Structure formats: C-alpha cells, structure tokens
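Commentary on secondary and tertiary structure
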Amino acid sequence: QVQLVESGGGLVQAGDSLRLSCVASGRTFSNNVMAWFRQAPGKEREFVAGLSTRGGSTRYAESVKDRLTISRDNAKNAVYLQMNSLQVEDTAVYHCAASRLNVPVTSMEGYSVWGQGTQVTVSS
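My aim in this report is to walk through the structure given alongside it, one point at a time. Note that the structure is a prediction, hence the values are computed from the model and not measured.

Parameters at a glance
- Residues numbered from 1 in each chain as written.
- Predicted model: local features only at pLDDT ≥ 70, side-chain atom pairs only at ≥ 80, totals over all residues.
- Heavy atoms only, no water.
- Core = buried A, V, L, I, M, F, W, Y, C linked by side-chain atoms within 4.5 Å.
- Buried < 20%, exposed > 50% of the residue type's maximum accessible area, 1.4 Å probe, protein only.
- Helix = DSSP H or I, 4+ residues; strand = E, 2+ residues; numbered from the N terminus.
- Contact = heavy atoms within 4.5 Å.
- Pairing = 2+ DSSP bridges.
- Disulfide = S-S within 2.5 Å.

1. Some words on the nonpolar core
Judged by nonpolar contacts, the single largest core of 29 residues is most densely connected at Leu 4, Trp 36, Val 48, Val 79, Leu 81, Met 83 and Tyr 94. Mapped by element, the contributors of at least two residues to this core are strand S3 (18-25), strand S4 (33-39), strand S5 (46-51), strand S7 (68-73), strand S8 (78-83), strand S9 (92-99) and strand S11 (118-123). Sequence-distant contacts of Leu 4, defined by excluding residues within four places in its chain, comprise Cys 22, Val 23, Ala 24, Met 34, Cys 96, Ala 97, Ala 98, Val 113, Trp 114, Gly 115 and Gln 116. Judged by nonpolar contacts, the second largest core, of 6 residues, contains Ala 35, Phe 47, Ala 97 and Tyr 111.

2. Examining the pairing of S5
Judged by how many residues are buried, S5 sits mostly within the fold: 5 of 6 residues are covered. Where S4 meets S5, 5 bridges bridge the pair, whose relative direction is antiparallel. Note on S5: the bridge partner recorded for Met 34 is Leu 51. Between S4 and S5, which pair antiparallel in sequence order, lie 6 residues; one of them, Gly 42, sits at a positive phi of approximately 75°.

3. Section: the state of the cysteines
Each disulfide is one covalent bond, formed between the sulfur atoms of two cysteines. Going through the model one piece at a time under the given rule, you end up with 1 disulfide. Paired through a disulfide, Cys 22 and Cys 96 show a sulfur-sulfur distance of 2.0 Å. Its S-S torsion of approximately 50° makes the covalent link between Cys 22 and Cys 96 right-handed. Of this pair, Cys 22 sits in strand S3 while Cys 96 is found in strand S9, placing the two residues 74 residues apart along the sequence.

Laid out in structure tokens, this is it:
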C-alpha cells in the first residue's frame, strides 16, 4: 500500500510561484497514476492535475492548465506540482492521490490512497 506525504505549501502573494512535492512510500509507486486535488474552505475537493505512470499522459482542470504543471520522478517516488502565477482563488489544501487505474481521472472515486494535504494560501 502506498502512503503519501505532501510538502511545499505556504503563504505567498498573488503572482508568486510554489512547488509542491508528494513523496510516496512503498514499492508500487511507479505503478500508480498520480494526481493533485485541492479543497478550498467551504468547497468540495476538486481535481487539479493528473499524470500517468510514466508521465506520458497528463490531465488538467481548465482553471489551472496554463499555470500549473504536474510531473513525477519514479526514481525518487515523488510527484510534483509546479504552480506559477498564483491567484487568490488557488488558496486551498492540496492533496496528492494515487490510483491503480490506467489513466488519470477527475473523480475522487478513482483514487484509493490520499495524503494529508499541504496548505497553500495566496494573498492579494
């Protein structure tokens, strides 16, 4: 069973950049599709970006696709989310998630393992 730990969140100003990391324990990381979700206060958790097992296929939410980039390093059991031109609306807890499906999907039900999350706060 993969276990996930996120890091890299913080308080930044609008227009700044952040890079989130998610490190996985377990031998099967490279077999998992990985994704980032986020949950803003008072809102449901939403899909942000997803990545296939070898990184060849990506999927993004429309609201972030020009500003955020998901990547992975299977040798380090890590997945990353590079966030540029951050906006106040990006404020949320960001969670990484692992799936045994073949492609990244946007539904939470497609992911069986979740990290605790890392807080990103963007001030104006």
